[in-house]
Amino acid sequence: MSKNAKVAAGGVAVGLVLLIWLPWWAVLLIVLGVPAAAYLTLDPAQRRRLRRVTRKEIGR
């Protein structure tokens, strides 16, 4: 199993556990808020690099 697949499986497992313990709106806030907060902590050069890499992968 690749590293990305392990991360995805872990994310799904955490999401299901949160869905059981918390109301749906709190889970949605966490699921959307954590990646957004992580993106906002990047400096502008890192954001440009991330966007460039993402576009390359989409266009291949």
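Going along each chain's sequence as written, the residues are numbered from 1 onward. It should be noted that, the model being predicted, local features are given only for residues of pLDDT at least 70 and side-chain atom pairs only at 80 or more, the latter also being counted only at that level, while totals for whole chains, interfaces and linings use all residues. Values reported for side chains reflect all heavy atoms of the structure, with hydrogen atoms and water molecules removed beforehand.

### Topic: the overall build of the chain
Scanning the chain for helices and strands turns up three helices and zero strands. Atoms counted for the radius of gyration: C-alpha only. Globule rule: 2.2 Å times residue count to the power 0.38. Over its C-alpha trace the chain gives a radius of gyration of 15 Å, far above what one expects of a compact globule, namely 10 Å for 60 residues. Judged by the C-alpha coordinates and their principal axes, the chain covers about 35 × 30 × 15 Å. Between buried and exposed lies partly exposed: a residue is buried under 20% and exposed over 50% of the maximum accessible area for its type, with that area taken using a 1.4 Å probe on protein chains only. Here the chain holds 60 residues, and 5% of them are scored as buried. Surface exposure of the chain reaches about 5400 Å², of which carbon and sulfur atoms provide 70%. Where helices and strands are cited, they refer to DSSP runs of H or I of at least four residues and of E of at least two residues respectively, numbered from the N terminus. Throughout, the Shrake-Rupley method with a 1.4 Å probe supplies accessible areas, and for residues the shown protein chains are the sole cover considered.

### Structural notes on the packing of helix α1 (residues 3-21) against helix α2 (residues 24-40)
With axes taken as lines fitted to C-alpha atoms, and helix axes fitted only over the stretch in contact, angles between N-to-C directions fall between 0 and 180 degrees. Running from amino to carboxyl end, α1 crosses α2 at an angle of 150 degrees, the nearest separation of the two axes being 8 Å. Considering the angle they form, α1 stands roughly antiparallel to α2. As α1 runs across α2, the sense of the crossing is right-handed. Two secondary-structure elements touch here, α1 through Gly15, Leu18 and Leu19 and α2 through Trp24, Val27 and Ile30. Partitioned by chemical class, the residues of the contact of α1 with α2 number five nonpolar, one polar and no charged. In what follows, roughly perpendicular refers to angles from 65 to 115 degrees, roughly parallel to angles under 35, roughly antiparallel to angles over 145, and oblique to any angle outside these ranges. Crossing chirality is assigned from the near helix's rotation relative to the far helix, an anticlockwise turn below a right angle marking it left-handed and a clockwise turn marking it right-handed. By the convention used here, residues are in contact when the closest approach between their heavy atoms is within 4.5 Å. Here the nonpolar group is Ala, Val, Leu, Ile, Met, Phe, Trp, Tyr, Cys and Pro; Asp, Glu, Lys and Arg are the charged ones; every other residue, Gly included, is treated as polar.

### Focus on a nonpolar patch on the surface
Without a salt bridge and with relative accessible area above 30%, a residue can belong to a patch; like charges are then joined within 9 Å and nonpolar side chains (Val, Leu, Ile, Met, Phe, Trp, Tyr) within 5 Å. Salt bridges are defined as contacts in which a side-chain nitrogen from Lys or Arg sits within 4 Å of a carboxyl oxygen from Asp or Glu. On the surface, a cluster of nonpolar side chains totalling about 890 Å² of accessible area is made up of Val12, Leu16, Leu19, Trp24, Trp25, Leu28, Val31 and Leu32. Contributions of two or more residues to the nonpolar patch are made by α1 and α2. With five residues, α2 is the single largest residue contributor to the nonpolar patch. Mapped onto the secondary structure, Leu16 falls in helix α1.

Interpretation note: all reported values are geometric properties and have no functional meaning in isolation.
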